[in-house]
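Structural overview for review
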Amino acid sequence: MTPLRAVKGMNDVLPDEVGRWQRIEQAFVQTLSLHAFREVRTPYVEPTPLFVRAMGEGTDVVEKEMYSFVHHGDELTLRPEGTAGAARAYVEHSVHSREPVTRWWYIGPMFRAERPQRGRYRQFTQVGAEIFGDEGPGSDAEMIDMLVGLCTALRVPGVEVLVNSLGGPATRAQYRDALAAHLAPKAASLSPDSLRRLSTNPLRILDSKDERDRAAVADAPTIHEFLGDADRQHFAKLREYLDALGTPYSVDAGLVRGLDYYTRTLFEIKGAADKLGAGNTLVGGGRYDGMIADLGGPRVPALGFAAGLERLLIASAVESSAAVIDALVAPIGPDAIGPGLALARELRAEGIRCEVDARGSSLKSQLRRANLLGARLVLILGESELRENSVQVKDLEAHTQERMARDQALRIVVDRLLAASRTVDAAASQPIRERP
Ligand code: HAM
């Protein structure tokens, strides 16, 4: 029989890799809670019209990347991102009536039917956050600064922050017309994709990497020429705050991003171009001050970001601790298995991770297993240990072996392992505090 394989672009994460995932997730969760964000969990499936309304019909995601289906007459879609669902939940539960400012974060799988390549998958994981009810630009600067700190803590090389402002919907509409007018005479020289976008979503042509499109937009007007006073001031304040925080960034007037909901601030954080190539946008975000009202809620401004965890995993130099257990309990012979299980239960009650090799293996093979699982200590229970109510404690790091009375062994082992784990924890949390 042909073995079945996972769906193209959807990957398994095996236990050996999970440690690095968890370190990156923990760094985000720790940082987001320091910034007063609370976790929200929304469904993986939402009504299709939610994404069409929130993200815009002319976007690549809505046009061709959504996993949509009809079930018993309901039009449903596997969420391609988290913002629309969070905004829907915010409106549906009238959260604005209880709190003036809401800070939510989320983590979980997203689904887009893209052409898979390194750093681009059909099921991928985003950690993201949204702020509702704060017009900024202080919170915009705080969010960007927080993300730069996180990328630094995760030891991402070559971090680059791009910011831009799109103004409000009226500015965008004016700019869209001006850009379309500029590009219309050059239509014949555009790539086929951009030619199509000229009538649907000309702003996306600014994003194109195609040389023909780059040449056509080189002398195009920029959105900054169309910003009104309030938008201009908002953007100037954002830059002022970032300067004051010492957060590095550059202004990219061509940054538009692929989703239609953005207003005013836009940002992207890139890094590790050597490992990710052109698809090295690790984090994308911005303001979407109109979405809550568009979804039937009150006029509440909003801002957020999402980071792709798979990309961060490729980009980050952070390692996971390889150890799966702290101690292996090694019973030698069938009579030692019962006492071994009891000893392991006492160790676990003290917070020590351990495994009992209860297969009746030889000591040599149990030591190999201890090495494989990264155990620091092996607690050997052989015939003579059982007779004398003692245990042999082999320290694989210090290369020592001592026989101890069973009553004392537990305390000594626990103290030694906890002291070692405190040192490891302190070392592991160190980079989180590092700043650029
Ligand atoms: P986005 O730019 O579409 O924004 O995605 C954010 C991040 O998700 C990207 O920078 C990338 O790291 C990751 N990502 C996107 N697509 C894929 C894929 N196919 N495979 C792997 N990683 C991917 C949003 O999703 C917005 N909801 C962000 C936001 C939140 N804006 C405001 N609030």
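Summarised in this report is the structure supplied together with it. (Residues numbered from 1 in each chain as written. Predicted model: local features only at pLDDT ≥ 70, side-chain atom pairs only at ≥ 80, totals over all residues. Heavy atoms only, no water.)

**What to know about the environment of glutamate 355**
Note the following rule: A run of H or I in DSSP becomes a helix once it reaches four residues, and a run of E becomes a strand once it reaches two; helices and strands are each numbered from the N terminus. In this scheme, a residue with accessible area under 20% of its type's maximum is buried, one over 50% is exposed, and one in between is partly exposed, where area comes from a 1.4 Å probe on protein chains only. We call two residues in contact when some of their heavy atoms are within 4.5 Å.
Relative to the elements of secondary structure, glutamate 355 occurs in strand S13 (residues 354-356). Residue glutamate 355 is classed as partly exposed on the basis of its relative accessible area, which comes to 23%. C-alpha separation for the pair glutamate 355 and arginine 369, spaced 14 residues apart in sequence, amounts to 9.8 Å. Apart from the residues within four sequence positions on either side, glutamate 355 is in contact with Ile325, Ala327, Leu328, Val329, Arg348, Arg369 and Leu373.

**Some details on the packing of aromatic side chains**
Rules: Any pair of Phe, Tyr and Trp rings, taking the six-membered ring for Trp, is counted once the centres come within 6.5 Å. Such a pair is stacked with planes under 30 degrees apart, edge-to-face with planes over 60 apart, and tilted for the rest. In this analysis the charged atom, NZ for Lys or CZ for Arg, is taken to sit over a ring once it is within 6 Å of the ring centre and within 35 degrees of the ring normal.
In total, this model carries 7 aromatic pairs according to the counting rule given. Aromatic ring contacts, followed pair by pair, group Tyr90, Trp104, Phe132, Tyr261, Tyr262 and Tyr288 into a single cluster. In this structure, arginine 103 is placed above the aromatic ring of phenylalanine 37, and the distance from its NZ or CZ to the ring centre is 5.0 Å. Above the ring of phenylalanine 235, the side-chain terminus of arginine 239 is found at 4.5 Å from the ring centroid.

**So, the pairing of strand S4 (residues 74-78)**
The condition that has to hold: Note: two strands are recorded as paired if DSSP finds a minimum of 2 bridges between them.
Examined bridge by bridge, strand S2 (residues 45-47) and S4 share 3 bridges and lie antiparallel to one another. Its bridge partner lying in S4, glutamate 46 is registered against threonine 77. Where strand S3 (residues 67-71) and S4 come together, 5 bridges link them in antiparallel fashion. By the bridge assignment for S4, histidine 71 is matched with aspartate 74. Counting the residues between successive antiparallel strands, the hairpin from S3 to S4 contains 2 residues, one of them, histidine 72, with a positive phi of roughly 50°.

**As for the sheet that holds strand S11 (residues 302-308)**
The criterion, for reference: Axis definition: a line fitted to C-alpha atoms, over the contacting stretch in the case of helices. Angles run 0 to 180 degrees between N-to-C directions.
In space, the 8 strands of this open sheet follow the order S1-S5-S6-S11-S10-S9-S7-S8, with mixed pairing throughout. Either end of the sheet is taken by a strand with one partner, and the two such strands are strand S1 (38-39) and strand S8 (250-251). For strand S10 (residues 281-287) and S11, the ladder comprises 5 bridges, and the chain directions are antiparallel. Within S11, the position partnered with arginine 287 by the bridge is leucine 303. Contacts between helix H1 (residues 15-34) and the sheet are confined to strand S5 (102-111), strand S6 (123-132) and S11, with S6 contributing the most and set at about 5° to the helix.

**Some points on helix H5 (residues 138-153)**
This is how it is decided: Each residue after the first adds 1.5 Å to the expected span of a helix.
Look at H5: 22 Å from first C-alpha to last across 16 residues, which is about the 22 Å you get at 1.5 Å a residue. With 13 of its 16 residues buried, H5 lies for the most part within the structure. Positive backbone phi, approximately 55°, marks arginine 155, located one or two places after H5.

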